[in-house]
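# Fold and geometry: a report
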Amino acid sequence: MRNMKLTELRDDITKGFVGDFQNEKINQDQYSTFYYPKWPKFMKFSVDRYKVAGFGHYMTMHTKGPFGMELLTTAFMPGEGGSVPFLLIDIMTVGKKRTVFVEYYDCTSDDNEYKELMTVHQKYCDLPEYDEKPKWYVGERHAASLIKCGGEAEDTKLQDMVNESVKAYVKDVKSADIKEDNLSGLIKFRDRMIYEGNPSSAVLSKVFGEEGAETFFKKCVMPLKEDM
């Protein structure tokens, strides 16, 4: 069994994705490290961002909180119009508890099957399902999404699930068509995430204010070319 260390998993996910494409890491700025509250610093956020040629943008955000809580968010933004879903992976560990969300949001103009993603879904669908609260975006997820939880005994399977999901996504990205029409659906979904709420809305609004949280989301989580 491999113990789940989120910084190591972050590096594995990053290598597994951006390592397969020509990429450029974005220079550090005011969004690279921040805290909430400013004092005492209960939560520390560390953000890395990449421009990914032929795809768009990739972000990781690692959060360390009180009582040993850690959170890793990775956002895969197909901002060049590729016929692939927006992918958001959220992983949280608190003590011996783990929750792992592999969320696909298909905003494309086509009805794609995503066989690679569905194969991974079938392989790991028997892992314990996380009982989440109702949110508007839950109903928008593609069927390939995996919303799972477990304890230390599930660490290896959950990590394998994440890494295999990224590998499958890379395959779909490499074979995807680029269509300008895909961007309109992506922009509409981004607006909903900003104005109707997303998993990070509350804390980002506390850190940056409402307007600042919108800027962070557009610049770091779901940027288009003009936002980077």
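Residues numbered from 1 in each chain as written. Predicted model: local features only at pLDDT ≥ 70, side-chain atom pairs only at ≥ 80, totals over all residues. Heavy atoms only, no water.

Along the backbone of the protein chain there are five helices and eight strands. Ordered by position in the sequence, the α and β elements of the protein chain form the string α-β-β-β-β-β-β-β-α-β-α-α-α. Along the first, second and third principal axes, the C-alpha set of the protein chain runs to 45 × 40 × 35 Å. By residue count, 49% of the 228 residues in the protein chain fall in the buried class. The long-range share in the protein chain, meaning contacts at least 24 apart out of those at least 6 apart in sequence, stands at 63%. Total accessible area on the protein chain is roughly 11500 Å²; 49% of this is exposed by carbon and sulfur atoms. Here the protein chain carries 32 positive and 37 negative side-chain charges, and the mean point of each set is 6 Å from the other. (Helix = DSSP H or I, 4+ residues; strand = E, 2+ residues; numbered from the N terminus. Buried < 20%, exposed > 50% of the residue type's maximum accessible area, 1.4 Å probe, protein only. Contact = heavy atoms within 4.5 Å. Areas by Shrake-Rupley, 256 points an atom, 1.4 Å probe, with all protein chains shown as cover. Lys, Arg positive; Asp, Glu negative; His and termini not counted. Charge placed at Lys NZ, Arg CZ, Asp CG, Glu CD.)

Pairing between side chains of opposite charge can happen when the charged atoms of each approach one another. Inspection of the entire model under this criterion finds 15 salt bridges. Among the ionic pairs, K148 bridges to E129, the shortest N-O distance being 2.7 Å. With K148 in strand β8 (residues 146-150) and E129 in the loop between α2 (115-124) and β8, this residue pair connects regions lying 19 residues apart in the sequence. For K148, a relative accessible area of 2% puts it in the buried group. Taking the shortest distance from any N to any O, the salt bridge between R192 and E196 comes out at 2.8 Å. By relative accessible area, R192 is classed as partly exposed at 29%. The class of E196 is partly exposed, set by a relative accessible area of 46%. (Salt bridge = Lys/Arg side-chain N within 4 Å of Asp/Glu carboxyl O.)

For the rest of this paragraph, the subject is the packing of aromatic side chains. Per the stated rule, a full pass over the model turns up 21 aromatic pairs. Plain terms: the ring middles of F17 and F76 are 4.9 Å apart, the flat faces sit at 80° to each other, and that makes the pair edge-to-face. Taken together, the positions of F17 in helix α1 (residues 6-18) and F76 in strand β5 (residues 70-77) put the pair 59 residues apart, joining distant regions of the chain. Using a relative accessible area of 0% as the deciding quantity, one classes F17 as buried. What makes F76 buried here is its relative accessible area of 0%. Between K174 and the ring centre of F21, over which it is positioned, the NZ or CZ distance is 5.9 Å. (Phe/Tyr/Trp six-rings, centres within 6.5 Å; stacked < 30°, edge-to-face > 60°. Lys NZ or Arg CZ within 6 Å of the ring centre and 35° of its normal.)

A separate point is the packing of helix α4 (residues 181-195) against helix α5 (residues 201-221). Geometry of a packed helix pair, given as the angle between the helix axes and the separation of the axes. For the pair α4 and α5, the least separation of the axes is 10 Å and the interaxial angle reads 155°. In terms of orientation, α4 and α5 fall into the roughly antiparallel class. Handedness of the crossing formed by α4 with α5: left-handed. Between α4 and α5, the residues in contact are R190, M193, I194 and Y195 and S201, E214, F217 and K218, respectively. Of the residues contributing to the contact of α4 with α5, the split by class is four nonpolar, one polar and three charged. (Axes fitted to C-alpha atoms, helices over the stretch in contact; angles between N-to-C directions. Parallel < 35°, antiparallel > 145°, perpendicular 65-115°, else oblique. Left-handed = near helix turned anticlockwise from the far one by under 90°. Nonpolar A, V, L, I, M, F, W, Y, C, P; charged D, E, K, R; others polar.)

Moving on, we get to the nonpolar core. Grouped together as the largest cluster of nonpolar side chains are 35 residues, with contacts concentrated most on I13, F17, F76, I91 and Y169. With eight residues, the top contributor of residues to this core is helix α3 (residues 155-175). Within the second largest apolar cluster, 29 residues are counted, among which are F34, M59, F86 and C107. (Core = buried A, V, L, I, M, F, W, Y, C linked by side-chain atoms within 4.5 Å.)

This part takes up the environment of V52. Within the element layout of this structure, V52 appears in strand β3 (residues 43-52). With a relative accessible area of 2%, V52 lands in the buried category. Among all residues touching V52, those that are not within four sequence positions of it are F17, V18, F21, Q22, N23, Y58 and E80.

What follows covers the packing of α1 against α3. Remark: α1 packs on α3, axes separated minimally by 9 Å, with the N-to-C direction vectors making an angle of 20°. Classified by the interaxial angle, the pair formed by α1 and α3 is roughly parallel. α1 and α3 meet at a crossing whose hand is right-handed. Residues L9, D12, I13, G16 and F17 of α1 form the contact with α3, whose own contacting residues are Q159, V162, N163, V166, Y169, V170 and V173.

The values reported here are purely geometric and, on their own, carry no functional implication.
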